[in-house]
Amino acid sequence: MTDASGSPPAPERVDGGEPEASARAEASARRAVEAVWRIESARIVATLTRAVGDFALAEDLAQDALADALAQWPQAGVPKNPGAWLTAVAKRKAIDGWRRRERYDERLAEIAHDLSQQTPDASAADPWDPDRIDDEVLRLVFVACHPVLSREARVALTLRVVGGLTTEEIARLFLVPVPTVQQRIVRAKQALGDAGVPFEVPARDEFGDRLGTVLGVLYLIFTEGHTATTGEDWMRPELSLEALRLARVLVALVPREAEAHGLVALMELTAARFPARVDSSGSPVLLADQDRCRWDRSAIARGRAALGRARALATGAGRGVGSYALQAAIAEQHAVAASVEETDWRAIVATYDALAALAPSPVVELNRAVAVSMASGEGFGPEAALDLVDALAGDKRLALSHLVPSARGELLARLGRDAEARAEFERAAALAQNARERAVLLAKAAARR
Amino acid sequence: MTKYMLIMRADERAAAAYATMPFEEVIAAMGRYNESMMNAGVLLTGDGLSDASEGAVVDFEGETPLVTDGPYGELRELFNGFWMIETATKEEAIEWAKRAPLTTGNFIEVRRVNGVEDFPQDNEWIQKQAGWREEQEQRAAQG
């Protein structure tokens, strides 16, 4: 707890003959620096980019300043305004760099002069205008998710510059080696430089498309966390929750965009089920078997509120809701139902119809078929669903996926056709890339012997 | 990401200071603080609690709970508001707490919120749930 005057905490001494205590103090200071970095990094990089006119340089300067903080704060204590401290140090580094390299032409001299004028003493009051900074963070989001970059590069850059995650953290979350992430980031910055990507929010007429790209990147990060496509763990909730945080950041930046609210709604309503999605041994628990008491009711409430805003904004603009809000609406039906039996499956089928019209995809068709199998009445039920799934079996886009055989297995099992169900589950297991998922499918196959 | 509750407490010095501060300013400072946490995507919810004199205490000392409207103990032990936030580390939660626009006599307690994984997995209720689930699966397998 800070003392009552709000002054920075007394520095922890790291000298003296107690290596253990000093190591502890160092680790604690390091964690404090990392905490500040997560909160401030997007704003710092955004401010620097505007000042130096070069995104890649700004990112490097900010990282250098962070290294200085890690070296100095353990001894000197965390400054009162750590964000301003980091920005000031980074700007000073920019000036020093230019002077050293003698690239001191007129324009740079001018920038350096401006920076010197602006650069406050590290202890000075916050020189930032919060409204302008938020707008700069928005530019940063658009730069990190720029269409000239590959999907992987957009993901890595977004987590790094907007999320404030370190290269090591990103590598850990995606189960890839650190050098791979480093390479992706370096190449991404190179590509942005080569393409001459300006540091700006896109013009109004292309805003929609570009926002779609941004939402897509955030959703990609989220889904990778909640159904890990590869590896041993079925879920990496840390990744999903970071994506949710970034989506909330985005919604604060573009509060009038219905689909941004739709995405937050979808993520909240999906994340609400996380506590029930794995058992104590880390194996997946399917929707039908989930203990709904474990669902996070406050996340559901936040998700429904966000969905309400998405609908209101879309209606206000005279449009229908977009695909994220539609998926959120399906998640909402599950969230409000007391059990699988009491779920309004017909409403879900209807929402899938809307989704299929808006964003046709074989996965949507497959999910719609599952919903059809769960609803009762004329034209519903497992038999009707099996016809729909069979129609999808020839779709090339699903040929290598375990989803079709897995769904066929479920339907055949419900129809009592055990031998066929077992064969389908075995085929699905052979196609599954994730170890936990494969184990569940094999167990289902074994249960039909 | 982990959920933390930032619990606000204040003693008589804070109460005295608030009495002299312009209400508008207090509200604006708190509004800006809340907005910064919203913009960072970490704020889940938060609320202030109304005056302790409007509340009640349910005391479990005897055989049946005794309801009184006080005493509550020392003023500085009373909660008067909270924020629920979600951050990557405890240090990040503390960093946010440090940024609250508060002065002498105020305290913020930073507490981690339990998740399902915090409950002992060998607890009989947890096991009952697991057993019930297995039973369901077997029944589904047979049926």
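Here the residue numbering is sequential within each chain, running from 1 through the sequence in written order. Written order decides the labels, with chains lettered from A and ligands numbered from 1. This being a predicted model, a pLDDT of at least 70 is required before a residue's local features are given, and a value of 80 or more before pairs of side-chain atoms are given or counted; all residues contribute to the totals for chains, interfaces and linings. Side-chain measures here rest on the full set of heavy atoms in the structure, leaving out hydrogens and waters.

Student: Give a description of the side chain of Ser339(A) that names residues and reports values.
Tutor: Mapped onto the elements, Ser339(A) comes out in the loop between helix 14 (323–336) and helix 15 (345–358). Two N or O atoms form a polar contact when they lie within 3.5 Å of each other; inside protein one atom must be a possible hydrogen donor and the other a possible acceptor, and for residues adjacent in sequence the pair counts only when both atoms belong to side chains. A polar contact is formed between the side chain of Ser339(A) and the side chain of Glu341(A), at a distance of 3.3 Å. For helices the rule is a DSSP run of H or I covering at least 4 residues; for strands it is a run of E covering at least 2, with both sets numbered from the N terminus onward.

Student: Kindly report on helix 2 (residues 23–39) of chain B, identifying the contributing residues and their values.
Tutor: Residues and elements named next belong to chain B. Expected helix span is given by 1.5 Å per residue-to-residue step, counting one fewer step than there are residues. Between the first and last C-alpha of helix 2 there are 24 Å, a value that for 17 residues agrees with the 24 Å anticipated at 1.5 Å per step. Relative accessible area decides the class of each residue, using a 1.4 Å probe on protein chains only: under 20% of the type maximum gives buried, over 50% gives exposed, and in between gives partly exposed. The complete set of buried residues in helix 2 reads Met30, Tyr33 and Met37. For helix 2, the arc enclosing every buried residue in end-on projection is 55°, short of the 170-degree limit, so these residues lie on one face. With respect to the buried face of helix 2, the exposed residues turned more than 90 degrees away are Glu24, Glu25 and Arg32. Any two residues whose heavy atoms approach within 4.5 Å are treated as being in contact. Buried residues along helix 2 sit in contact with strand 1 (2–10), strand 2 (43–48), strand 5 (79–87) and helix 3 (90–98). Note: the arc covers the axis-to-C-beta directions of the helix.

Student: Can you lay out the environment of Gly208(A) for me, pointing to particular residues and giving the numbers?
Tutor: Residue and element names in this part refer to chain A. Position of Gly208 relative to the elements: it lies in helix 9 (residues 204–226). The partly exposed category is assigned to Gly208, whose relative accessible area is 49%. The spatial distance from the C-alpha of Gly208 to the C-alpha of Ala153 is 21 Å, given a sequence separation of 55 residues.

Student: Mind laying out the packing of helix 10 (residues 237–253) of chain A against helix 11 (residues 258–271) of chain A, listing which residues take part and the relevant values?
Tutor: Residue and element names in this part refer to chain A. Angles shown run from 0 to 180 degrees and are taken between the N-to-C directions of axes, each axis being a line fitted to C-alpha atoms and, for helices, limited to the stretch in contact. Packing of helix 10 against helix 11 brings their axes to within 9 Å, and their N-to-C directions diverge by 150°. In terms of axis orientation, helix 10 runs roughly antiparallel to helix 11. In the crossing of helix 10 with helix 11, the sense of the turn from one axis to the other is left-handed. Residue-level contacts link Leu241, Ala243, Leu244, Ala247, Arg248 and Val251 of helix 10 to Ala260, His261, Leu263, Val264, Met267, Glu268 and Ala271 of helix 11. The classification used treats Ala, Val, Leu, Ile, Met, Phe, Trp, Tyr, Cys and Pro as nonpolar, Asp, Glu, Lys and Arg as charged, and all other residues, Gly among them, as polar. Here the residues of the contact of helix 10 with helix 11 are counted per class, giving 10 nonpolar, one polar and two charged. Roughly parallel means an angle under 35 degrees; roughly antiparallel, over 145; roughly perpendicular, 65 to 115; everything else is oblique. For any pair of crossing helices, the crossing counts as left-handed if the nearer helix is rotated counterclockwise from the farther one by less than a right angle, and right-handed if it is rotated clockwise.

Student: Tell me about empty space enclosed by the protein, residues and numbers included.
Tutor: Residues and elements named next belong to chain A. Space inside and on the surface of the protein is sampled on a 1 Å grid over the protein atoms alone, with a cavity defined as a set of points where a 1.4 Å probe fits but cannot get out and a pocket as an open set with protein on both sides within 12 Å along at least 5 of 7 lines; lining residues have an atom within 4 Å of a point. Grid points are joined across faces, edges and corners, and a volume is the space filled by probe spheres set on the points. In total, this model carries one cavity of 30 Å³ or more according to the counting rule given. If you add up the space inside the largest cavity, you get close to 50 Å³. Looking at the largest cavity, the residues that line it are Val141, Thr158, Val162, Leu218, Leu246, Val249, Leu250 and Leu253. The set of elements that each furnish at least two residues to the lining of the largest cavity consists of helix 6 (151–162) and helix 10. Among the residues making up the lining of the largest cavity, the classes are represented as seven nonpolar, one polar and no charged.

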